[in-house]
Amino acid sequence: MSIYSEENGASAFSHSALLPWLATTVAGAFLLYYFSNIIFGRKRLPGPWLTIPFLGDTIELALSDYARMMFSRFKRYGRVFRMRLLGFEAYVVADPEVLRPLLSDDGATVAMPVQTFNWLMENLNVLRSKETHRPWRKLHLAAVTGGGLKAMVPLIRQIMEDHVRQWATDGRVEIFEEARLLGLDLAIFAITGINLEGKVDVTWFKEQVSMYVRGLYGLPIVLPGSKMAKALAAKRRLLNTLMPLMRERHEAFHAEWEAAGKDADKIASKMMESGDGVSLNKVQMLGFHSTGGETLRDSALSALHGIMAAADTTRFALFNTWAILAQMPAVQDKVFEEQKKVIAEFGPEIGYQAMSNMPYLDAVFKEALRVLPPSSGGFRKLTRDVTICGVTLPAGTIVWYHALLLQMLDPVLWDGDTSYDIPPYMDWRNNLEDAFQPERWLADEAKRPRNFYVFGSGSHMCPGMNLVQMEVKLLLTLVMRRFSLELEVPDMLLRLAAQFPYLIPAKGTDGMRLVPRVQGLPWS
Ligand code: HEM
C-alpha cells in the first residue's frame, strides 16, 4: 500500500494511509522482538515458551486452582522456572539453600517488578543499600517487637473492641469485608499514629485509602476510570490531606536529622536510647530522609508506606485464619480451653503478657498461614550469575521466592512424591482436617514445618510479623472467649471468586455466625 496519493496533479501525503502502515510496522516489530526473545533469548531456561503477550501467566493464575497450578509447574520444570505476569518476567526459585544468600543481600538486591506497586509507593531505595537499610531496620524492629509492641497493645485492643462489639450485636460477621475494614483501621490509626479526629472527615479518608490500596491489584495502565487512575488520584488527595497534618512532626524530625549531621546510624542510636519508644511513622521518615526524601511530601508518602504495608496484608491474614477456623469446631474448642488456662494463670485481662502465653493459638495462626499464605513471598534482582539445579540464571534476572510453593515443598512434610496433584498437607480444598493441624507447630523441633516464607526470610524478613501475629491472636481471643464460629456458607472456600494474589470469596458467601458460648469467658 502506498502512503502517498496523487491529488490535483501533485504527490500528496495521505494521513489516512500512514496510520495503518505505522500501526502494522509497530505491531510487527513488537511481535518480532517478542518471538525472537522467546526463541533466542531465554529458550534454554525452564518455563513455558509461549505465553499471552503482556498478560503472560496472569490469566491462568487468576482462573485456576493456584496451589495445583504451582505444584504442576514444579513437577514439569523443577525448582526453577519462568513466570510472566502483567508485563514482567520472573524466575520462581524454590530451593531454600540457593535462596539463603540471595535473601541476605548476597548476590541479589531487593527488586519490585510489579509496576502498580512502584507507582503507588514511588521510593523503595532504603531497602536497596545496606548502609541505609541496617539502621532503618533496627529501628523498625524496635518499634514493633518487645517493648514497642507492648506499647501498641492498648490502642489495637481498643480498635478491635469497637469492631467486635458491633459484630456481637449483629450476631454475625461478613468476614471478608470486616477483615478489610479492621485492617484499614489498624493501619491508619495504629501504624501511622496520626490523629485525624476533628481534622478530616475520617470516613472520606478511609475511602481514599481503600481506593489507593485497591490500585495495587489493577492493571498497570493509567486509563481514565481505571483502578490505577483512581488509585493515583486518591494518592494525590491523601498526600494533600496528610501534608498539613504532618507538618509539625516532619519539621521536628527534619531538625533532629540535620542536628545529627544526616547520619542515619547516629539518629537511630539516639532514638533507641531515648526511652521514649520508637514510633513507626518516625521510622518511615528516617527511611525516606536517609535516601534523599527530605520534603514534607516525602514524609506524608512515608505514612502511606506504613498503611500500604499493613492494611491488606493484615486483612488477608485475618480472613484466611478465620475462614479455616470457622470450619474446625474441635480446634475452636482447644482454643477455648487454652483461654481458660490463660485466665487461671494471668487473670482475665487480655494484655501483652497473656497474649505472649498462648502457644496453641500461636500454632493456629502459623498453621493457617502455612496452608493459606496471605503473601506471595518477594522478588530479588541477581547481581551475579546463579546456578540452580543445573540452570544458570544470569545477573539481572528477577528471582521470585514463592511462599506457597516453598511451603508445599517443605522437607519435613513432603516425602518427594510427585504423583499428587497437590500434597495432602496443603489440600485444604479436599481434606481440610488432614491439611490443617496446628499440632505440627507444637511437635519437637525436628518435626516442625521448616519452610515458612509468608513473612519472607533473611535480611528483609517482615518486621511486622510479630505485630500481625499479635493482632490476629488478640482479635481471636476477644471473639472466641464468648462465641463459637460457624460459616453461613460452609463451603465458602470451595466457591472462591479468586485465589491469586489473595483469596477472594464469591459475593455474599462470607457470612460467619457468632454463636454465644454457654459459659463465655470475660475480657477483663
Ligand atoms: C500478614 C501480614 C503481612 C505479611 C504477609 C507481610 C509479608 C512481608 C514479606 C513477605 C516481606 C518480605 C519482602 C521481601 O523479602 O522482599 C515483608 C517485608 C516488610 N514488611 Fe511485611 N507483611 C505483613 C505485615 C506487615 C506490617 C503490619 C508491617 C508494618 C508494621 C509490615 C512492614 C514490612 C516492612 C517495612 C518490610 C520490609 C522489611 C525490610 O526490607 O527489611 N509488614 N512483609
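Remember, predicted model here, so these are calculated numbers, not experimental data. (Residues numbered from 1 in each chain as written. Predicted model: local features only at pLDDT ≥ 70, side-chain atom pairs only at ≥ 80, totals over all residues. Heavy atoms only, no water.)

### A few points about the packing of aromatic side chains
Heads up, the rule is: Each Phe, Tyr or Trp ring, with Trp reduced to its six-membered ring, pairs with another whose centre is within 6.5 Å; inter-plane angles below 30 degrees give stacked pairs, above 60 give edge-to-face pairs, and intermediate values give tilted ones. Strands are runs of DSSP state E lasting at least 2 residues, helices are runs of H or I lasting at least 4, and numbering of each runs from the N terminus. Classification of residues uses two cut-offs on accessible area relative to the type maximum, computed with a 1.4 Å probe and protein chains only: under 20% is buried, over 50% is exposed, and between them is partly exposed. A ring is scored as having a charge over it whenever the NZ atom of a lysine or the CZ atom of an arginine sits within 6 Å of its centre and within 35 degrees of its normal.
Considering all chains together, one arrives at 15 aromatic pairs under this definition. Relative to Trp414, the ring of Phe71 lies with its centre 6.4 Å away and its plane at 85 degrees, an arrangement referred to as edge-to-face. Taken as a pair, Phe71 in helix α3 (residues 66–77) and Trp414 in the loop between α17 (403–408) and α18 (432–435) lie far apart in primary sequence, 343 residues in all. Using a relative accessible area of 0% as the deciding quantity, one classes Phe71 as buried. On the basis of an interplanar angle of 75 degrees and a centroid distance of 5.4 Å, the ring pair of Trp441 and Phe452 is categorised as edge-to-face. Of the two residues, Trp441 sits in the loop between α18 and α19 (465–480) while Phe452 sits in the loop between α18 and α19, which places them 11 residues apart along the sequence. Phe452 matches Trp441 in its accessibility class, with the two residues each being buried. Taken together through their ring pairs, the aromatic side chains of Phe176, Tyr217, Phe316, Phe319 and Tyr502 make up a single cluster. A cation over an aromatic ring shows up here: Arg482 above the ring of Trp523, its NZ or CZ 3.9 Å from the ring centre. It is Arg517 that lies over the ring of Phe336; its NZ or CZ is 4.2 Å from the centre.

### Quick word on the UniProt feature "binding site: heme" (unreviewed entry) in the protein chain
So the rule is basically this: UniProt positions are given in the numbering used here, feature names are shortened, and annotations may be inferred rather than shown by experiment.
Mapped onto the present numbering, the UniProt feature "binding site: heme" (unreviewed entry) falls at Cys462. Inspection of the secondary structure puts Cys462 in the loop between α18 and α19.

### Things to note about the site of the ligand
Selection criterion: Only heavy atoms are used to decide nearness, and a residue is near a molecule or strand if one of them lies within 4 Å of it. Any N or O atom pair separated by 3.5 Å or less is treated as a polar contact, with the protein-specific requirement of one donor-capable and one acceptor-capable atom, and with residues adjacent in sequence counted only for side-chain atom pairs. Gly falls in the polar group here, along with every residue not listed as nonpolar (Ala, Val, Leu, Ile, Met, Phe, Trp, Tyr, Cys, Pro) or charged (Asp, Glu, Lys, Arg).
By nearness alone, 24 residues border the ligand, and His133, Arg137, Tyr401, His460 and Cys462 come closest of all. For the ligand, an oxygen atom lies 2.8 Å from a polar atom in the side chain of Arg380. Separating an oxygen atom of the ligand from a side-chain N or O atom of Tyr401 is a distance of 2.5 Å. Mapped onto the shell around the ligand, the elements with two or more residues apiece are α6 (130–144), α13 (296–325) and α19. Here the element with the most residues in the shell around the ligand is α13; it accounts for 5 residues. Of the residues in the shell around the ligand, the class split is 12 nonpolar, 10 polar and 2 charged.

### Let's talk about the sheet that holds strand β11 (residues 483–487)
As a reminder, the rule being used: For two strands to be treated as a pair, DSSP must find no fewer than two bridges joining them. Under this scheme, a helix contributes an axis fitted over its contacting stretch, all axes are lines through C-alpha atoms, and angles between N-to-C directions fall in the 0 to 180 degree range.
Across the sheet, which stays open at both edges, the 3 strands sit in the order β6-β12-β11 with antiparallel pairing between neighbours. Both outer strands of the open sheet, β6 (172–174) and β11, are each paired with one neighbouring strand and no more. The sheet shows a mean angle of 25 degrees between the axes of neighbouring strands, taken without regard to direction. Across 5 bridges, β11 lies against strand β12 (residues 511–516) in antiparallel orientation. Directly across from Phe483, in β12, lies its bridge partner Pro516.

### Quick notes on the nonpolar core
Our working rule: The set of buried Ala, Val, Leu, Ile, Met, Phe, Trp, Tyr and Cys residues whose side-chain atoms join them within 4.5 Å is what this entry labels a nonpolar core. It only takes one pair of heavy atoms within 4.5 Å for two residues to be counted as in contact.
Counting residues in hydrophobic clusters, the biggest one holds 124 residues, and the most contacted among them are Ile156, Trp167, Tyr212, Trp322 and Met512. At 17 residues, the largest contribution of residues to this core is made by α13. Excluding its chain neighbours within four sequence positions, the residues that come into contact with Met512 are Gly171, Arg172, Val173, Ile175, Trp322, Ala326, Leu485, Glu486, Leu487 and Glu488.

### Some points on empty space enclosed by the protein
This is how it is decided: A pocket here means an open set of points on a 1 Å grid, computed over the protein atoms alone, that has protein on both sides within 12 Å along at least five of seven lines. A cavity is instead a set of points where a 1.4 Å probe fits but cannot get out; residues with an atom within 4 Å of a point line either one. Grid points are joined across faces, edges and corners, and a volume is the space filled by probe spheres set on the points.
Scanning the model with the defined rule gives 2 cavities of 30 Å³ or more in all. Considering the residues around the largest cavity, the lining is formed by 16 residues, among which Tyr66, Pro373, Leu404, Gln499 and Leu503 are closest to the centre. Looking at the lining of the largest cavity, the elements that each hand over two or more residues are α3 and α13. Of the residues that constitute the lining of the largest cavity, the class distribution is 12 nonpolar, 4 polar and no charged. By volume, the second largest cavity amounts to about 30 Å³. When the residues that make up the lining of the second largest cavity are grouped by side-chain class, the tally is 3 nonpolar, no polar and 3 charged.

### So, the pairing of strand β3 (residues 80–85)
Of all 6 residues in β3, 6 are buried; the element is thus mostly enclosed. In β3, alternate side chains face the same way, and those of Val80, Arg82 and Arg84 on one face and Phe81, Met83 and Leu85 on the other are all buried. Two strands pair when backbone bridges link them, and β3 and strand β4 (residues 88–93) are joined in this way by 6 bridges, in the antiparallel orientation. Note on β4: the bridge partner recorded for Arg82 is Tyr91.

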